Amino acid sequence: SGMAIRRQARGATHAEKASAGIRAQVARACVEASVSASRTAPALIPGAARPQRPLMRNLRVLGLERSCAGDCLQVLHDDPVLVLGDCARSLGTSVRTLQRELSVAGLSYRGLRQAVRLTLASAALRDGAVGLTQVAHQSGFFDSAHFAHAWRRSCGISPSQYAALARGDAGN
């Protein structure tokens, strides 16, 4: 029984190594696609030009650019910390109407806000001009721990690993 547990643990370690290799390949591919899609996107640095809005391109492809989702996305790009009520107010609608219209598009406010925050953060991470804590705050996260957790949950790698891959110095 004790030997069986140790053997299973060794097997899991081998499987984890294989899984880590696959995750690294997928992460590299995602970073390459992200970097090539937004080479000109400036980082979130005070005074810098506004970042490109790749999420808006996605809405355009889906035919949702001129919808409530598009309007909400514009507001969130300008202020990624807005709560639902403040966003609805700035759009001149009720909270429930905003939720309903986003739902019709297959979106949620929470998911849209998180996508905006992570998109803004990815541009800043690729640039590498500011630290993770500053990226977290400028992207609308409470602190770097919340940012790192959301990033890892969404991307499967840490923000530091993403930044290293984006700059091409992973493993060096």
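Residues numbered from 1 in each chain as written. Predicted model: local features only at pLDDT ≥ 70, side-chain atom pairs only at ≥ 80, totals over all residues. Heavy atoms only, no water.

Colleague: Is there a simple way to think about the overall build of the protein chain in this case?
Modeller: Within the protein chain, the regular secondary structure consists of 9 helices and 0 strands. In the protein chain, the succession of α and β elements from N to C terminus is α-α-α-α-α-α-α-α-α. Expressed as a percentage of the 172 residues in the protein chain, the buried residues total 35%. A sequence separation of at least 24 residues applies to 55% of the contacts in the protein chain between residues at least 6 apart. A total of about 10200 Å² of accessible surface is found on the protein chain, and carbon and sulfur atoms cover 54% of it. (Helix = DSSP H or I, 4+ residues; strand = E, 2+ residues; numbered from the N terminus. Buried < 20%, exposed > 50% of the residue type's maximum accessible area, 1.4 Å probe, protein only. Contact = heavy atoms within 4.5 Å. Areas by Shrake-Rupley, 256 points an atom, 1.4 Å probe, with all protein chains shown as cover.)

Colleague: In this structure, what is going on with the pattern of salt bridges? I would like to understand it.
Modeller: Pairing between side chains becomes possible if they bear opposite charge and their charged atoms approach one another. Scanning the model with the defined rule gives 1 salt bridge in all. Put simply, Asp86 and Arg89 hold a salt bridge, and the shortest N to O gap is 2.6 Å. Here Asp86 pairs with Arg89, and both are found in helix H4 (residues 84-91), just 3 residues apart, close to one helical turn. Relative accessible area serves as the criterion here: at 33%, Asp86 is assigned to the partly exposed category. Using a relative accessible area of 60% as the deciding quantity, one classes Arg89 as exposed. (Salt bridge = Lys/Arg side-chain N within 4 Å of Asp/Glu carboxyl O.)

Colleague: In this structure, what is going on with the environment of Leu132? I would like to understand it.
Modeller: Here Leu132 shows up in helix H7 (residues 132-138). Here the alpha-carbon distance between Leu132 and Phe147, two residues 15 residues apart in the chain, equals 8.6 Å. Aside from chain neighbours lying at most four places away, what touches Leu132 is Leu125, Phe147, Pro159 and Ser160.

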